[in-house]
Amino acid sequence: MERISVERGAALLLERVKPLARWEKISPAQAPGRVLWESVTAKLDTPPFDRSPLDGYALRSVDAVGAEPEKPARLVLGEAVGPGTAVPVSTGSPIPAGADCVVKVEDTRRDGDAVLVCIAPAHWENYVFRGEDMPVGRTIFPVGTRMDWTHVAALAAQGVTALAAAARPKVGVLPTGGELVPAGAPLPSSGIYDANGPMLCARLQALGMEPVAFPPVGDDAELLAGRVRAALAKCDFLLTTGGVSVGAEDAMPRAAELLGAEVLFHGLAVRPGSPAMAFLAEGKPVLALSGNPFASLAVFEAVGRPALEKLAGMEGALPGRMTLPLAEGLPASQVRRFIRAVRTPEGRVCPAAGGHSSGMVWSLAGCDCLIDRSPGPALEPGSPVPLLIL
Ligand code: AMP
Ligand code: MG
């Protein structure tokens, strides 16, 4: 198959993924990372009563017209607001009926059982209306909202105890490669520890998905086909890494054939990660990523993540994108590249320190974006480059 653009690959996979039809009840504390299955509507006015935003006196503004420090208005203190009578209030306390403003303590002087108002208040000054934050009946968060911690206060203030969230997609992670050794096992000569499995599971967790880790499998097409089939029975979407290229060892294309899979694409015009393949088997999507850890991550972000977000009910969600100027130059490149990088406090983007080869893992630590570098001549510091936010 011919190499296609990352965008085309992402679109081919996206159009074959349907949002999950499962949901569950969660508490507001569990909201971060979850997607609303039903809208949340305000069941009560928040705040539930007209309240004072500060310590002071509630009164009728007509009773202090023209007040100034040399010519204060004198109001008697009482339990109810009426003509010539003010009521002390504190921050957050209800404003008594009849008042249309609150004068802050700093703008008054006490005079026995009266208060001297030294600055004339305006109508509705320092007055918080019942329901001005969230009026009863308002849709506060529509269906499909991707919640994070910033949504929790509003849910809690509404007294919500349970809400309907889309189920988290179960995403299988199956590393392939005869050289792979799971953590905890001794390392034979020419063996390496599986880095992709734990990395992708951690990434999925951070995206609000439910990772399902499968142990590494060797480079045998029949064995691999069996493991893919078994994994698909336990998840909604499967990620594999390794063995997807065209070498003699690369068992994934043959395994896809054995599974009778419908291949969506095989080969992307990007580095690293160009051998990636996507197919449907057992009615479920599989994204087969190449084995080098950074290659698998970059293609996962650009192609896998939009599909998973659709599966999770985040309709139309795309990885965050922005453009920032380079903090340092980049050499010429004949191909499109994803480059691991960090955004700086000065609003620039800096390629990660350390090696950039796709097999290196150390320099990924602490990165927060990928530079999406199109083919072309060397780039000067300050050149704007598009980013994919991790
Ligand atoms: P492959 O895509 O199978 O040709 O693998 C490319 C490179 O990535 C090889 O050096 C593999 O040893 C390495 N690799 C493959 N899978 C993993 C993994 N799960 N963790 C770390 N390195 C891997
Ligand atoms: Mg391999």
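Scroll up a little and you will see the structure.
Right, let's walk through the structure included here. Since this is a predicted model, take the numbers as computed values, not measurements.

What counts, and where the lines are drawn
Residues numbered from 1 in each chain as written. Chains lettered and ligands numbered in written order. Predicted model: local features only at pLDDT ≥ 70, side-chain atom pairs only at ≥ 80, totals over all residues. Heavy atoms only, no water. Salt bridge = Lys/Arg side-chain N within 4 Å of Asp/Glu carboxyl O. Helix = DSSP H or I, 4+ residues; strand = E, 2+ residues; numbered from the N terminus. Buried < 20%, exposed > 50% of the residue type's maximum accessible area, 1.4 Å probe, protein only. Pairing = 2+ DSSP bridges. Axes fitted to C-alpha atoms, helices over the stretch in contact; angles between N-to-C directions. Contact = heavy atoms within 4.5 Å.

Some points on the pattern of salt bridges
In step 1: Taken as a whole and judged by the stated rule, the model has 17 salt bridges.
In step 2: A salt bridge links R22 to D236; the shortest N-O distance between them is 3.0 Å. One end of the pair, R22, is in the loop between α1 (6-14) and β1 (23-26); the other, D236, is in the loop between α4 (221-232) and β15 (237-241), with 214 residues separating them in the sequence.
In step 3: For D236, a relative accessible area of 13% gives the class buried.
In step 4: We note a salt bridge from E309 to R305, for which the minimum N-O separation is 3.2 Å. Of this pair, E309 and R305 both sit in helix α6 (residues 293-311), 4 residues apart, which is roughly one turn of that helix.
In step 5: Beyond isolated ion pairs, a larger network of salt bridges with shared partners links R146, R203, E301, R305 and E309.

Considerations on the sheet that holds strand β16 (residues 262-266)
In step 1: On the basis of which strands lie adjacent, the open sheet formed by 6 strands has the order β14-β11-β15-β18-β17-β16 and mixed pairing. Edge positions in the open sheet fall to β14 (210-213) and β16, since each of these has one partner strand only. Pairwise comparison of adjacent strand axes, ignoring direction, gives a mean angle of 20° for this sheet.
In step 2: Two strands pair when backbone bridges link them, and β15 and strand β18 (residues 284-289) are joined in this way by 4 bridges, in the parallel orientation. Opposite L239, over in β18, you have L287 as the bridge partner.
In step 3: Across the sheet, α1 is in contact with β15, β16, β17 (277-281) and β18; its angle to β16 comes to roughly 160°.

Focus on the sheet that holds strand β5 (residues 85-89)
Paired through their backbone hydrogen bonds, the strands of a sheet run either parallel or antiparallel.
In step 1: What the 6 strands build is an open sheet, ordered β6-β3-β5-β4-β8-β7; its pairing is mixed. In this open sheet, the two edge strands, each paired with only one partner strand, are β6 (101-104) and β7 (108-111). Each adjacent strand pair in this sheet contributes to an overall mean axis angle of 40°, direction not counted.
In step 2: Both strand β4 (residues 73-77) and β5 contribute to a ladder of 2 bridges, which runs parallel. Note on β5: the bridge partner recorded for L77 is A86.

Description of unusual backbone geometry
In step 1: Residue T46 is joined to P47 through a cis peptide bond whose omega torsion reads -5°.
In step 2: Among the secondary structure elements, P47 is positioned in the loop between β2 (40-41) and β3 (56-59).
In step 3: Each neighbour pair has its own omega, and for R271 with P272 the value is -10°, a cis peptide bond.
In step 4: For P272, the location among the structural elements is in the loop between β16 and β17.
In step 5: Even without being glycine, W124 reaches a positive phi, approximately 65°.
In step 6: On the secondary structure map, W124 appears in the loop between β8 (114-117) and β9 (139-141).
In step 7: For E282, which is not a glycine, the phi torsion comes out positive at approximately 55°.
In step 8: Mapped onto the secondary structure, E282 falls in the loop between β17 and β18.

Functional significance is not addressed by these values, which are geometric in nature.
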